[in-house]
Amino acid sequence: IFGIPPENPSNYEAFLASVHPDDRDTVDRSWQAALRGAPYGIEHRIIVDGQVKWVRERAEIETDSNGNLLRCIGTVQDITARKRAEAALEASEARYRDFYENVDDVIYQTDCNGIITDVSPSVEKHFGYRQEEIIGRSVKEFYVDRREYVALNVALERSGAVNDFEILLKHKEGRQIPTSVTSRIIFDAQDQPIAIEGVLRNITERKQAETALQESESSLQAI
C-alpha cells in the first residue's frame with residue numbers, strides 16, 4: 001500500500017511524511033487523540049511514488065496499568081477504488097441534478113399504481129402546479145380524457161415503453177395542454193415492475209402551427 005519494503009525501518013514520522021500534505025494535520029490530531037484514549041478510525045490520502053491513494057485506518061492502543069504506551073495494533077485498507085467510484089457517482093448525480101432542475105420538459109416518476117413520486121420544477125411552467133401540489137397525487141387526475149390514460153398504460157404493458165404518445169392534460173387554470181409523453185417501466189433485479197418514469201413535452205405551439213398550416217392549405221385549395 002505504501003510502497004515501502006517490509007524490511008525498511010519505519011516510525012511515526014516516516015508514516016506521517018507519506019500522508020498527503022492537506023491531510024497531515026488531521027491525521028496527526030486523530031493519532032494524538034487516540035494516544036489519550038479516543039478511538040482511532042480515519043480515512044485519508046497518502047502519496048506513493050507521486051500517486052495519490054486513499055486509505056482507511058483503524059487502530060487499538062494498549063497501555064499498561066500506569067497508562068504507559070505498550071503497543072498499537074491496527075489495520076490499513078486501500079480504499080482508492082471506492083473513493084474514485086464515489087467521486088464519479090457524485091459528479092454524475094450533480095450533472096443529473098443540474099439537468100433535472102433546468103430541463104424545459106417535465107420529467108416525472110410514478111409508482112406502479114400511477115401515484116406521482118417525483119416531478120421536475122418545470123411542471124409549474126407548463127401546467128401551473130408546484131412540485132408539492134403534484135407529488136402524491138394520481139396521474140389520472142390530470143387527464144382530460146381517461147381513455148387516453150388507459151390507452152397509454154396498455155401500450156406500456158405491451159412493450160415496456162412508449163415514445164411521443166400524444167394526450168391532453170389539464171392545466172391548473174383549467175385549459176387543456178396538448179402533451180407528448182415518452183415513458184418506460186422500470187424493473188428490479190427480479191424483472192418485476194417497480195416504477196414508471198417519463199418525459200412530458202408541451203406541444204401546444206406545434207399543434208397551433210399544424211392547425212395554421214392546415215387552414216392555410218385549405219384556403220389555398222379553395223382558391
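The coordinates are above.
Residues numbered from 1 in each chain as written. Predicted model: local features only at pLDDT ≥ 70, side-chain atom pairs only at ≥ 80, totals over all residues. Heavy atoms only, no water.

Peer 1: Outline the sheet that holds strand E8 (residues 193-202), listing residues and values.
Peer 2: The 5 strands lie next to each other as E5-E4-E8-E7-E6, forming an open sheet whose pairing is antiparallel. The outermost strands of the open sheet, each flanked by one partner alone, are strand E5 (116-119) and strand E6 (161-170). Taking each pair of neighbouring strands and ignoring which way they run, the sheet shows an average axis angle of 30°. Sheet topology note: the strand E4 (residues 106-110)/E8 ladder contains 5 bridges and is antiparallel. Following the sheet pairing, Val 106 is matched in E8 by Leu 200. (Pairing = 2+ DSSP bridges. Helix = DSSP H or I, 4+ residues; strand = E, 2+ residues; numbered from the N terminus. Axes fitted to C-alpha atoms, helices over the stretch in contact; angles between N-to-C directions.)

Peer 1: I'd like to hear about the side chain of His 44, residue by residue, with values.
Peer 2: Tracing the backbone shows His 44 in strand E1 (residues 40-48). Among the polar contacts made by the side chain of His 44, one reaches the side chain of Glu 57 at a distance of 3.0 Å. Leave out the neighbours within four places in its chain, and His 44 touches Phe 15, Val 19, Asp 23, Val 27, Lys 53, Trp 54, Val 55 and Glu 57. (Polar contact = N/O pair within 3.5 Å; in protein donor to acceptor, adjacent residues only side chain to side chain. Contact = heavy atoms within 4.5 Å.)

Peer 1: Residues and numbers for the packing of aromatic side chains, please.
Peer 2: Counted according to the given criterion, the structure contains 6 aromatic pairs. Relative to Phe 142, the ring of Tyr 129 lies with its centre 5.3 Å away and its plane at 80°, an arrangement referred to as edge-to-face. With Tyr 129 in the loop between helix H4 (123-127) and helix H5 (131-134) and Phe 142 in the loop between H5 and helix H6 (146-159), this residue pair connects regions lying 13 residues apart in the sequence. Comparing Tyr 129 with Phe 142 shows no difference in burial state: the two are buried. Aromatic rings pair up to connect Phe 2, Tyr 12, Phe 15, Trp 31 and Tyr 40 into one cluster. (Phe/Tyr/Trp six-rings, centres within 6.5 Å; stacked < 30°, edge-to-face > 60°. Buried < 20%, exposed > 50% of the residue type's maximum accessible area, 1.4 Å probe, protein only.)

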